[in-house]
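Descriptive analysis of the structure
Given next are the chains, with one letter for each unit.
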Amino acid sequence: MNSAIIAIAAAAAIAISTLGPAIAQGMTAKSAMESIARQPDAAKDIRSTLIISLALMEALTIYGLLIAFMLVAKV
Amino acid sequence: MGEKSKVLFSLFGVLDVTGEVVTMWIILALLTVICLIVKCNLKERPGVFQNMIETGVEYLDNFFEGLLGREKSRQYFTFLASLFIFIIIANYSGLVPGVGLTDYVKAPTASLSVTLGLGALTFIFLQVAGLRCGVKHYVKRFFSPIFIMFPLLVLDEFIKPASLALRLFGNVFGEEMVTEELYHLIPIGVPVVMMVLSILFCALQALVFTMLTSIYLDEVTEIEE
């Protein structure tokens, strides 16, 4: 019983922590592409800023993933 | 977090040597040998190997110059570039066949101890770089908009390297875990897809680590008029 709850908690941790950053990353990539299409000269600057902001959002998912791994180890 | 590494043997009775440490020694030896070969064979008209290395160094130089500006990138280039080269090779070492199967050779960045070590190194580097710009400027930064921000800004100094370390560890460890799970599901063919993806991700993580470090460095050494 207890380990079943932990397994569900691990699945929920990674699933919920993926939702927010996924939406955010989609919106970021969308607006970055739009601005590159509007101003191809600035593509280089936009790309490096894009990678940084994507990495910062990715970190949130990674925290969820780490928690999920910690929980899985306890099953 | 993650499984505990097995201690292979103790150095001087106190330092525990694990598989990650052995892999790091191998990486360091490899890099040193490459450096020595290139340094001893410097020519006016470069050969294939020298050309390759020069292109890489030039790329890194341009990369940091774009982020930090010419003067600061020249000043801190050695540390940032070494960090990048070490992390990217450490990440790629997990893709070499046989690495991770035994206790003797393991990918270093898939262990939290190693990435936290890199984070601590970054922390010390940022503090020293901040202090080099003047103690007054360093202290003033903690009270910069208003003095109420002081506890938050102090906390921020510790959170930055910790999040760098956790990000690198989570990405590399998560990738290895996913590859392993795929291997348990379907042993032939399917894990290759994830490994091809991880070729991209490994380079990206090394890039992100150094990029964020240099952005923090830019923040720390910024002098307002």
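In what follows, the accompanying structure is described. Keep in mind the model is a prediction, meaning the values are calculated, not measured.

A closer look at the pairing of strand 1 (residues 7-11) of chain B
Residues and elements named next belong to chain B.
- A small share of strand 1 lies buried, amounting to zero of its five residues.
- In terms of strand pairing, strand 1 meets strand 2 (residues 15-18) through four bridges, oriented antiparallel. Residue pairing for strand 2: Ser10 is matched across the bridge by Asp16.

Topic: the environment of Glu20(B)
Residue and element names in this part refer to chain B.
- Along the polypeptide, Glu20 turns up in helix 1 (residues 19-40).
- Overall, Glu20 belongs to the buried group, with 21 C-beta atoms counted inside 10 Å.
- Between the C-alpha atoms of Glu20 and Phe143, which are 123 residues apart in sequence, the distance is 41 Å.

Remarks on the interface of chain A and chain B
- Listed per partner, the contact involves ten residues of chain A and eleven residues of chain B.
- Each residue belonging to the side of chain A that touches chain B can be placed in one class, and the counts come to ten nonpolar, no polar and no charged.

Some words on helix 4 (residues 112-132) of chain B
All names here are of chain B.
- For helix 4, which comprises 21 residues, the first-to-last C-alpha distance of 30 Å matches the rise-based estimate of 30 Å (1.5 Å per residue) to within 8%.
- Looking only at helix 4, the buried set comprises Val114, Thr115, Leu118, Gly119, Thr122 and Gly130. In a view along the axis of helix 4, the buried residues occupy a sector of 145°, so they form one face of it. Opposite the packed face of helix 4, turned more than 90 degrees from it, sit the exposed residues Ile124 and Val128.
- Where the residues of helix 4 are buried, they touch helix 1, helix 5 (135-142), helix 6 (150-185) and helix 7 (190-220).

Looking at helix 2 (residues 43-74) of chain A
- Compared with the 46 Å implied by 1.5 Å per residue over 32 residues, the 46 Å span of helix 2 of chain A between its first and last C-alpha is a close match.
- Taken together, the buried positions of helix 2 of chain A are Ala55(A), Thr61(A), Ile62(A), Gly64(A), Leu65(A), Leu66(A) and Ala68(A).
- The secondary structure elements touched by the buried residues of helix 2 of chain A are helix 1 (2-38) of chain A together with helix 6 and helix 7 of chain B.

Section: the packing of helix 2 of chain A against helix 7 of chain B
- Two elements in contact, helix 2 of chain A and helix 7 of chain B, have axes whose closest approach is 10 Å; the angle formed by their N-to-C orientations is 100°. Here helix 2 of chain A lies roughly perpendicular to helix 7 of chain B, going by the angle between them. On helix 7 of chain B, the residues touching Ile51(A), Ile52(A) and Ala55(A) of helix 2 of chain A are Val208(B), Met211(B), Leu212(B) and Ile215(B).
- Classifying every residue of the contact of helix 2 of chain A with helix 7 of chain B gives seven nonpolar, no polar and no charged.

Cut-offs used in this document
- Residues numbered from 1 in each chain as written.
- Chains lettered and ligands numbered in written order.
- Predicted model: local features only at pLDDT ≥ 70, side-chain atom pairs only at ≥ 80, totals over all residues.
- Buried ≥ 20, exposed ≤ 12 C-beta atoms within 10 Å, placed from the backbone.
- Helix = DSSP H or I, 4+ residues; strand = E, 2+ residues; numbered from the N terminus.
- Pairing = 2+ DSSP bridges.
- Contact = placed C-beta atoms within 7 Å.
- Nonpolar A, V, L, I, M, F, W, Y, C, P; charged D, E, K, R; others polar.
- Expected span 1.5 Å × (residues − 1).
- Arc of directions from axis to C-beta.
- Axes fitted to C-alpha atoms, helices over the stretch in contact; angles between N-to-C directions.
- Parallel < 35°, antiparallel > 145°, perpendicular 65-115°, else oblique.

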